[in-house]
Amino acid sequence: MNIEKDFLIPFTGLKNGKHSFDFKVDSSFFENYNYNDFNHINAEINVLFDKKINLFELHFTAKGIANVPCDVTNQDFDMPIESEIDLVVKFGDSFNDDHDEILIIPFTEHQLNVAQYIYEMIVLAIPQKRVHPGVKDGTLDSAALDYLGYVNEDEDEDEFGDLFDDEDEDIFNLIDDLDEEEDVEEEEENTNKDIDPRWAELKKLLTDK
């Protein structure tokens with residue numbers, strides 16, 4: 001799907017001064033960039049376009065919700081997205097977007113495509129580590145958290161922070177180790193139940209000596 005036409009700002013007929021443009025993006029927008037690092041997303045974008053004699057100044061703001069899986073519990077949750085970036089557009093002989101905050105467009109251009117900047121703004125707003133808010137405030141009922149033995153008794157202290165800074169693989173290895181310990185304890189308990197009481201008494205006498 002070609003999304004370029006939906007994110008164009010025609011500036012030729014605009015008077016000098018500030019102009020506001022609104023856009024909406026959802027999961028289909030990110031399909032154009034092969035980006036699928038969330039379940040779904042909805043966000044509203046505002047672009048404040050300040051047209052000056054020799055250049056344009058743009059201020060982008062984004063607000064929305066991205067549904068993502070928690071990196072600890074794997075439970076999906078809605079994560080608020082808020083971000084903003086600035087862009088200066090100048091005219092030159094050829095197109096140049098090598099600089100993050102400065103865009104050069106040819107003198108012959110009469111409109112500006114802002115899709116790429118909206119995409120980058122939202123992607124950068126999504127953190128690499130995503131933790132369900134219920135993990136930190138202790139309200140999330142999760143088997144993974146029970147295995148980890150995490151209890152947040154003081155909301156002012158992020159007791160989970162140190163644990164989560166380690167590699168995710170270490171966390172799940174810990175869960176596996178706990179499972180193995182429970183299996184061993186269960187086997188020992190079953191073995192003790194199968195011992196004849198008379199042998200137990202004899203073993204006790206030998207130990208007392």
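Residues numbered from 1 in each chain as written. Predicted model: local features only at pLDDT ≥ 70, side-chain atom pairs only at ≥ 80, totals over all residues. Heavy atoms only, no water.

- Under the annotation held in an unreviewed UniProt entry, the chain carries the name DNA-binding protein and is attributed to Myroides marinus.

**So, the environment of Arg-130**
Now for step 1: Tracing the backbone shows Arg-130 in the loop between helix H2 (115-125) and helix H3 (133-137).
Now for step 2: Its relative accessible area of 9% is what places Arg-130 among the buried residues.
Now for step 3: Sequence separation between Arg-130 and Val-72 is 58 residues, and the spatial gap between their C-alpha atoms is 8.1 Å.
Now for step 4: At 2.9 Å, the side chain of Arg-130 and the backbone oxygen of Asp-37 are in polar contact. (Helix = DSSP H or I, 4+ residues; strand = E, 2+ residues; numbered from the N terminus. Buried < 20%, exposed > 50% of the residue type's maximum accessible area, 1.4 Å probe, protein only. Polar contact = N/O pair within 3.5 Å; in protein donor to acceptor, adjacent residues only side chain to side chain.)

**Looking at the sheet that holds strand S4 (residues 55-69)**
Now for step 1: Pairing is mixed across the open sheet formed by 5 strands, whose spatial order is S2-S3-S4-S5-S6. With partners counted over all chains shown, the strands left at the sheet margins are strand S2 (17-26) and strand S6 (102-106), one partner each. Neighbour-to-neighbour, the strand axes of this sheet turn through a mean angle of 25 degrees, independent of strand direction.
Now for step 2: Bridge count between strand S5 (residues 76-92) and S6: 5 bridges; the pairing is parallel. Looking at S6, one finds that Gly-92 is bridged to Pro-106.
Now for step 3: Contacting S2, strand S3 (40-51), S4, S5 and S6, H2 runs over the sheet at an angle of about 140 degrees to S5. (Pairing = 2+ DSSP bridges. Axes fitted to C-alpha atoms, helices over the stretch in contact; angles between N-to-C directions. Contact = heavy atoms within 4.5 Å.)

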